[in-house]
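Descriptive analysis of the structure
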Amino acid sequence: MSRKGRILVVDDTRTMRLKLAAAATALGHQCHSVGSGGEGLEYMRANPVDAVLLDVVMPEMDGFDVLRAMKSDPALRDIPVIVISSLDDTGSAVKAIELGAEDFLPKSFDAVIFRARVNTLLEKKYVRDAEVDYLKQVQKLARAAQILKIGNYNPSKLGLGEISQRHDALGDLARVFADAAQKVYERERRLRQSIKTLRGGFGLIVLGIIWGLVAPLSRMASGLEAHPFGMAFWVSLLSGVCCIAWSVAKGTVPKPREIPWGYFLAYALLGAVVSESLLFIVAGKVEASIISIIIVLEGFLAFAFAALMRVEQPSLSRFAGLLLGLGGVLVILYDKFTGASPGGLLWTIVALAIPTCYAAEGIMLAAKRPENIPTVTTVGMMQLLAAVILLPIALATDQMIYPSAKPGALELTVFLIAAASLSANVLFLYLINNLGSVFTGQAAYFTTVAGIGWSIVLLGESLNAWIWASLVFMAAGLFLVGPKSEAEAEPPPSLDAREARQT
Amino acid sequence: MSISRQALERMKEVIGGDKAVLAEILQSFIDEAEPLAESILSAARDGRLDTLGRAAHTIKSSARDFGDARLAALCADIELRSKQGSVSNAVACSQQIAQGCIALKEELAAYIGAEMNGEIP
């Protein structure tokens, strides 16, 4: 026998234990000896054992008790036992066999008998182990078929790795299952990614249209002589109150001690206090279409921040996509700055802080977000905190806007900006969670395009062929950047691929 | 001489022919012999038939292994009678077994010495 068996000797007499262990070791097996039935059971429960040589006459727990305990324990009942009994005590041997022992040996055995009985017993054990193992693998294969039947084709969920290593019909069947599942799974994964890109692209367009409205509305508000800090306060307050009212109705407002105040302070400064105040200040100095164009820089900055902070995986194609988008903006800027005044240029440079805030906000939201607080509640808390910060600033700078008893154009404009800001912030956060900060940063392109469109419609600003040509760059850039990869397990390489690598 | 060279040769064959391991097994019995003899004597004196039968069983197995047929037969008899619950001359029998056990121990010690000195072919 080439295979080394693991044999346990249970005998209370040290001399007999030494003899049995030496005999088993001489046959090439591993042997462990114990001096009582209790110790034997304890050893078998903690260690793999292929066969037991068991003495019958022992104090406290005799061989019969050990056999009874083994047969009542599912983990031990299949371990074969040879009882060691005297030739003049055949009654004990018979009783032991009735209790489940496989065979018996007289205490004064000879080498040939011992070898034959132990090796035969081990052969039977190995055959039985192989049968049990085969049956278990057939059950695994049946479970894999059930998993496939319900439409889960992820190969890593099928658990067929071990069975696929077999060189028999069962192994062939497992490989056929695994490879077919892998092909379907890869096809489905590509399809899911395409759907995600399309859905994300639609979300970006909607976000761009809504956000693009803010710059022309801000420009209109400045025409109505609205104070920037007062505007920012009311926009934050209105959108914050709406979101928190929704959150209270849904019961999603967290307890004060559960709120990460430092995080919300940074979010409020970037997402509302600085960015909105700057937007309303710049809107009085620069055309809405120029502000919209500058906002497209958010996409490039989001990628730069994400790459620096390793929030998302940078790649050459994504970098090229962002450069294409930036190229489109540069084309527009070249056209717009031809003949621009020095004051206009200065305010345009100040306006660059707006997309920087948006990009930093996007990265912050993607990298770390309180997971236990829903999106709308998060936005509402941020906006209310921003309103709290902006109130003393508006009062101190004498820029507070007091609503008139009879609402007019200014109140309507503030309300529309608040509605646009609220919708855009909620959608922005949703897209970041699902598509990543870099892809969502591409919303800036659509914001730019929509902002230009809204500027033409609402303010009568004019555009030329350069601007339309730049859209081609932006669309190409969006395609190359794409959403972040899906967070699902990669399937193992297909069998064909493995074989191809081996050859 | 109680022990049988043939029996010891058979045991050596069973354990793979290793003289050192054989010596270890014999030494184990030598170490156990006096406590066993004492155990069977005290069990007989106190009338503890269960202990008497188990001690006789243990000595019987070793006696057979070492080829001491007379001692093995004495042990088998007292083991059987202790199971039946009627050992009329238990003390006398146990004294014979104890003496046989000590004699077997001395013969085994001598055998080990001869084996070590290369006196046994």
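Residues numbered from 1 in each chain as written. Chains lettered and ligands numbered in written order. Predicted model: local features only at pLDDT ≥ 70, side-chain atom pairs only at ≥ 80, totals over all residues.

Some words on the overall build of chain A
Counting secondary structure elements, chain A contains 21 helices and five strands. Within chain A, buried positions represent 44% of all 503 residues. Taking as baseline every contact in chain A between residues at least 6 positions apart, the subset at least 24 positions apart corresponds to 81%. (Helix = DSSP H or I, 4+ residues; strand = E, 2+ residues; numbered from the N terminus. Buried ≥ 20, exposed ≤ 12 C-beta atoms within 10 Å, placed from the backbone. Contact = placed C-beta atoms within 7 Å.)

Here's the deal with the overall build of chain B
Each helix and strand in chain B was counted, giving five helices and zero strands. The order of helices and strands in chain B, counted from the N terminus, is α-α-α-α-α. Expressed as a percentage of its 121 residues, the buried residues of chain B come to 45%. Long-range pairs, those at least 24 residues apart, make up 67% of the contacts in chain B between residues at least 6 apart in sequence.

Regarding the interface of chain A and chain B
Contact residues are listed per partner, giving 19 residues for chain A and 21 residues for chain B. Every element with two or more residues in the side of chain A that touches chain B is listed here: α1 (14–26) and α5 (111–149) of chain A. The element best represented in the side of chain A that touches chain B is α1(A), accounting for eight residues. In terms of residue class, the side of chain A that touches chain B is made up of 10 nonpolar, four polar and five charged. (Nonpolar A, V, L, I, M, F, W, Y, C, P; charged D, E, K, R; others polar.)

Section: the environment of Ala96(A)
Residues and elements named next belong to chain A. On the secondary structure map, alanine 96 appears in helix α4 (residues 90–98). Note on alanine 96: 25 C-beta atoms within 10 Å, which makes it buried. Each C-alpha atom of the pair alanine 96 and valine 56 lies 8.1 Å from the other, and the pair is 40 residues apart in sequence. Filtering out sequence-adjacent residues up to four positions away, alanine 96 remains in contact with Val56, Gly63, Phe64, Leu67, Val83, Ala101 and Phe104.

Re helix α2 (residues 19–46) of chain B
Since there are 3.6 residues in each turn of an α-helix, residues three or four apart along the chain are aligned in direction. In this model, α2(B) (28 residues) spans 40 Å end to end at C-alpha, consistent with the 40 Å of a helix rising 1.5 Å per residue. At Ala33(B), α2(B) shows its strongest bend, of approximately 40°, with the proline Pro35(B) following within four residues. If you check which residues of α2(B) are buried, you get Val21(B), Leu22(B), Ile25(B), Leu26(B), Phe29(B), Ala33(B), Leu36(B), Ala37(B), Ser39(B), Ile40(B), Ala43(B) and Ala44(B). The inward-facing, buried residues of α2(B) contact α1 of chain A together with α1 (5–14), α3 (49–66) and α5 (90–117) of chain B. Positioned one or two residues after α2(B), Gly47(B) has a phi angle of 75°, which is positive. (Expected span 1.5 Å × (residues − 1). Bend = angle between axes of the 7 residues up to and from the residue.)

Remarks on the pairing of strand β1 (residues 6–10) of chain A
All names here are of chain A. Counting buried positions over the five residues of β1 gives four, a clear majority of the element. Alignment of β1 against strand β2 (residues 30–34), held across five bridges, turns out to be parallel. Following the sheet pairing, arginine 6 is matched in β2 by glutamine 30. Between β1 and its parallel partner β2, the chain crosses via α1, and the hand of that crossover is right-handed. Pairing between β1 and strand β3 (residues 51–55): four bridges, direction parallel. (Pairing = 2+ DSSP bridges. Right-handed = clockwise from strand over helix to strand, strands pointing away.)

With respect to the packing of helix α2 (residues 37–46) of chain A against helix α3 (residues 63–71) of chain A
Residue and element names in this part refer to chain A. Put simply, α2 and α3 touch, their axes get as near as 9 Å, and they point 25° apart. Compared by their axis directions, α2 and α3 come out roughly parallel. Seen along the crossing, α2 lies across α3 with a hand that is right-handed. Contacts between α2 and α3 involve Gly37, Gly40 and Leu41 from the first element and Asp65, Val66 and Ala69 from the second. Residues belonging to the contact of α2 with α3 are distributed by class as follows: three nonpolar, two polar and one charged. (Axes fitted to C-alpha atoms, helices over the stretch in contact; angles between N-to-C directions. Parallel < 35°, antiparallel > 145°, perpendicular 65-115°, else oblique. Left-handed = near helix turned anticlockwise from the far one by under 90°.)

Concerning the packing of helix α16 (residues 375–396) of chain A against helix α17 (residues 409–435) of chain A
Residues and elements named next belong to chain A. The geometry of α16 relative to α17 is characterised by a closest axis approach of 9 Å and an angle of 130° between their N-to-C directions. By the angle class used here, α16 and α17 are oblique. The interaxial crossing formed by α16 with α17 has right-handed handedness. When α16 is examined against α17, the residues Thr375, Val376, Thr378 and Val379 are found in contact with a partner set consisting of Asn425, Val426, Leu429 and Tyr430.

Some points on the nonpolar core
Counting residues in hydrophobic clusters, the biggest one holds 88 residues, and the most contacted among them are Leu207(A), Ala221(A) and Ile291(A). Contact partners of Leu207(A), with chain neighbours within four places excluded, come to Ala424(A), Leu427(A), Phe428(A), Leu431(A), Ala443(A) and Phe446(A). Counting 74 residues, the second-largest nonpolar core is a separate cluster that includes Leu8(A), Leu26(B), Ala37(B) and Ala55(B). (Core = buried A, V, L, I, M, F, W, Y, C linked by C-beta atoms within 7 Å.)

Brief notes about the confidence of the model for chain A
When the pLDDT values of chain A are averaged, the result is 82; 88% of them are 70 or greater. Across residues 486–503 of chain A, where pLDDT falls below 50, the model places 20 contacts with residues more than four positions away in sequence or in other chains. (pLDDT = per-residue confidence, 0-100.)

Description of α1(A)
Residue and element names in this part refer to chain A. In a regular helix each residue adds 1.5 Å, so 13 residues correspond to 18 Å; α1 covers 18 Å between its end C-alpha atoms and thus fits that length. Burial within α1 is extensive, with 10 of its 13 residues counted as buried. Along α1, the residues that are buried comprise Thr15, Met16, Arg17, Leu18, Lys19, Leu20, Ala21, Ala22, Ala23 and Ala24. Two residues or fewer after α1 comes glycine 28, characterised by a positive phi angle close to 95°.

Structural notes on the sheet that holds strand β5 (residues 103–106) of chain A
All names here are of chain A. Here five strands make up an open sheet; going across it, the order is β2-β1-β3-β4-β5 and the pairing parallel. Edge strands, defined here as strands with exactly one partner in the open sheet, are β2 and β5. Here the average twist between neighbouring strands, direction ignored, is 20°. Pairing of strand β4 (residues 81–85) with β5, which is carried by four bridges, proceeds in the parallel orientation. Pairing of valine 83 across the sheet is with phenylalanine 104, part of β5. Its contacts with the sheet place α1 against β1, β2 and β3, and it is angled at close to 170° to β2. Running at roughly 150° to β3, α3 makes contact with β1, β3 and β4 of the sheet.

Concerning the environment of Ile112(B)
Residues and elements named next belong to chain B. With respect to the helices, strands and loops of the structure, isoleucine 112 is situated in helix α5. Note: C-alpha distance between isoleucine 112 and alanine 23 (89 residues apart in sequence) is 6.2 Å. Here isoleucine 112 is in contact with Ala23, Leu26 and Gln27, once residues within four sequence places are set aside.

Thoughts on the confidence of the model for chain B
All names here are of chain B. Looking at chain B as a whole, the pLDDT averages 86, with 97% of positions reaching at least 70. Mean pLDDT values over the elements of chain B span from 86, in α5, up to 89, in α2. Predicted complex, confidence summary: ipTM 0.91, pTM 0.52.

With respect to the environment of Val52(A)
All names here are of chain A. With respect to the element layout, valine 52 can be found in strand β3. Owing to 25 C-beta atoms within 10 Å, valine 52 belongs among the buried residues under this scheme. Residues valine 52 and valine 83 lie 31 residues apart in sequence; the distance between their C-alpha atoms is 8.1 Å. Excluding anything up to four places from it in sequence, valine 52 contacts Leu8, Val10, Gly40, Ile79 and Val81.

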